[in-house]
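Spelled out from the first residue to the last, the chains are:
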Amino acid sequence: FAPTPYHSDYFHFPPPRLSSVTQLPTLHGRLDRPDLPLVYDEFSEMPLVSISNNQRRPLIQANFVGNVYHGMPKDLYSYGEGKGGYLAFLGRICRDKGILESIELAKRCGIPLKIAAKVDAADKGYYEREVKPLLGHPLVEFVGEIDDDQKSEFLGNALALLFLIDWPEPFGLVMIEAMACGTPVIAHPKGSVPEIIEHGRSGWIVSNEEEAVEAVERIGQIDRRECRTCFEQRFSVSRMAQNYVQLYYDLVQSKALYRIQPSLFEPLPQPGSII
């Protein structure tokens with residue numbers, strides 16, 4: 001029988017040991033927390049799906065049986081020519097997302113930066129102390145949080161999306177949102193970035209500020225139509241679905257499905273048995 005997909009990490013691992021349910025969880029979060037090896041060592045038989053190969057690195061002992069990149073409907077966002085003449089930051093205001101680096105890059109290049117971002121309660125102190133004082137610069141505009149209906153215009157009119165992260169991003173959906181709009185991405189080579197961005201085709205991968213400045217200067221070398229094509233070829237929702245179907249098929253064919261291996265729990269009595 002086919003595996004049942006789950007997308008809530010490890011929270012549902014124990015119940016299948018009490019039944020015949022087969023699971024195939026997809027892990028969406030970062031896996032470098034110190035408490036996680038204990039969990040995945042205990043449930044070492046559980047087949048897992050990653051959303052990037054880099055995501056797996058902290059848990060190489062886990063039973064990863066496949067990798068499926070995120071995908072989106074091709075018509076969710078529309079193509080844009082980047083005629084707004086600005087750089088874009090889209091996401092969440094926090095230290096790991098590279099907002100300070102993005103502001104500094106825009107100032108150094110003399111190009112406007114539009115920031116469409118939310119400020120979570122946990123990051124409000126950081127925003128007030130380090131980010132808000134920089135928003136008064138004439139090149140910096142804080143747009144605030146935007147929804148899906150606004151992203152096509154925001155990203156499609158941008159010269160490039162800045163993704164100067166400083167953490168092991170498991171995937172980074174905003175990168176493929178930009179690509180869907182034909183907007184190249186300038187990003188640090190952290191986490192999944194080298195898997196998502198094709199250097200010179202859908203953006204530039206940079207390691208320092210000097211390289212980032214050069215990438216901004218060369219952003220016109222990226223063919224925006226080719227950037228959109230890259231999204232359609234690699235990150236459409238149909239491509240994602242096909243990859244999952246193929247993974248399920250391969251698991252069934254190889255008989256590599258998760259089976260009951262009780263260790264922490266005793267199996268439930270079968271119907272008709274005497275307790």
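Described below are features of the structure shown in this document. (Residues numbered from 1 in each chain as written. Predicted model: local features only at pLDDT ≥ 70, side-chain atom pairs only at ≥ 80, totals over all residues. Heavy atoms only, no water.)

**Overview of helix α4 (residues 148–156)**
Among the residues making up α4, those that are buried are Lys151, Ser152, Phe154, Leu155 and Gly156. In this structure, the buried residues of α4 make contact with β5 (86–92), β6 (113–118), β8 (158–163), α5 (173–180) and α8 (224–234). (Buried < 20%, exposed > 50% of the residue type's maximum accessible area, 1.4 Å probe, protein only. Helix = DSSP H or I, 4+ residues; strand = E, 2+ residues; numbered from the N terminus. Contact = heavy atoms within 4.5 Å.)

**Considerations on the environment of Gly84**
Position of Gly84 among the secondary structure elements: in the loop between β4 (64–67) and β5. Assessed through its relative accessible area of 39%, Gly84 is described here as partly exposed. Residues Gly84 and Pro112, spaced 28 residues apart in sequence, show a C-alpha to C-alpha distance of 9.5 Å.

**As for the packing of helix α2 (residues 99–109) against helix α7 (residues 209–217)**
Here α2 crosses α7 at 55°, and the two axes come no closer than 10 Å. On the basis of the axis angle, α2 is oblique to α7. Note that α2 runs across α7; the crossing there is right-handed. Between α2 and α7, the residues in contact are Glu104, Leu105, Arg108 and Cys109 and Glu209, Glu210, Ala212, Val213 and Val216, respectively. Split by residue class, the contact of α2 with α7 holds five nonpolar, no polar and four charged. (Axes fitted to C-alpha atoms, helices over the stretch in contact; angles between N-to-C directions. Parallel < 35°, antiparallel > 145°, perpendicular 65-115°, else oblique. Left-handed = near helix turned anticlockwise from the far one by under 90°. Nonpolar A, V, L, I, M, F, W, Y, C, P; charged D, E, K, R; others polar.)

**Remarks on the pairing of β8**
Of all six residues in β8, five are buried; the element is thus mostly enclosed. In this sheet, β8 lies alongside β5 in parallel orientation, the contact comprising three bridges. Paired with Tyr86 across the bridge in β8 is Ala158. Looking at chain direction, β8 and strand β9 (residues 185–187) are connected through three bridges and run parallel. (Pairing = 2+ DSSP bridges.)

**Looking at the pattern of salt bridges**
Following the criterion strictly, the structure yields 17 salt bridges and no others. With a shortest N-O distance of 3.6 Å, Arg218 and Glu214 are connected by a salt bridge. Residue Arg218 is classed as partly exposed on the basis of its relative accessible area of 29%. In this structure, the salt-bridge partner of Arg228 is Glu232, at a minimum N-O distance of 2.9 Å. Of this pair, Arg228 and Glu232 are both found in helix α8, four residues apart, which corresponds to roughly one turn of the helix. Overall, Arg228 belongs to the buried group, its relative accessible area being 11%. Residues joined by salt bridges that share partners form a network here, namely Glu198, Arg201, Glu226 and Arg234. (Salt bridge = Lys/Arg side-chain N within 4 Å of Asp/Glu carboxyl O.)

**Some points on the side chain of Gln55**
You can see Gln55 is positioned in the loop between β3 (48–50) and β4. Here Ile51 takes part through its backbone nitrogen, which lies 2.9 Å from a polar atom of the side chain of Gln55. With near-sequence residues (within four places) excluded, Gln55 lies in contact with Leu27, His28, Gly29, Leu31, Ser50 and Pro170. (Polar contact = N/O pair within 3.5 Å; in protein donor to acceptor, adjacent residues only side chain to side chain.)

**Topic: the packing of aromatic side chains**
Enumeration over the complete set of coordinates arrives at six aromatic pairs. Here Tyr86 and Phe154 contribute two aromatic rings whose centre-to-centre distance is 6.1 Å and whose plane-to-plane angle is 40°, an arrangement assigned as tilted. With Tyr86 in strand β5 and Phe154 in helix α4, this pair connects stretches of sequence that are 68 residues apart. In this pair, the class of Tyr86 matches that of Phe154, namely buried. Judged by centre distance (5.9 Å) and plane angle (40°), the ring pair of Tyr127 and Phe142 falls under tilted. Of this pair, Tyr127 sits in helix α3 (residues 124–131) while Phe142 sits in strand β7 (residues 140–142), placing them 15 residues apart in sequence. With a relative accessible area of 30%, Phe142 lands in the partly exposed category. One aromatic cluster is present, built from ring pairs that chain together Tyr69, Phe171 and Phe235. Above the plane of the ring of Trp204 lies Arg218, whose end atom (NZ or CZ) is 4.1 Å from the centre. Seen from the ring of Tyr79, Arg225 lies directly overhead, with NZ or CZ sitting 3.7 Å from the centre. (Phe/Tyr/Trp six-rings, centres within 6.5 Å; stacked < 30°, edge-to-face > 60°. Lys NZ or Arg CZ within 6 Å of the ring centre and 35° of its normal.)

**A word on the sheet that holds strand β10 (residues 203–205)**
Strand order in the open sheet formed by six strands is β7-β6-β5-β8-β9-β10, and the pairing between neighbours is parallel. Every interior strand has two partners, whereas the edge strands, β7 and β10, have only one. Adjacent strand axes in the sheet meet at a mean angle of 20°, parallel and antiparallel pairs treated alike. One ladder, built from three bridges, connects β6 with β7; its direction is parallel. Within β7, the position partnered with Ile115 by the bridge is Phe142. Against the sheet, α4 contacts β5, β6 and β8, and its axis sits at roughly 145° relative to β5.

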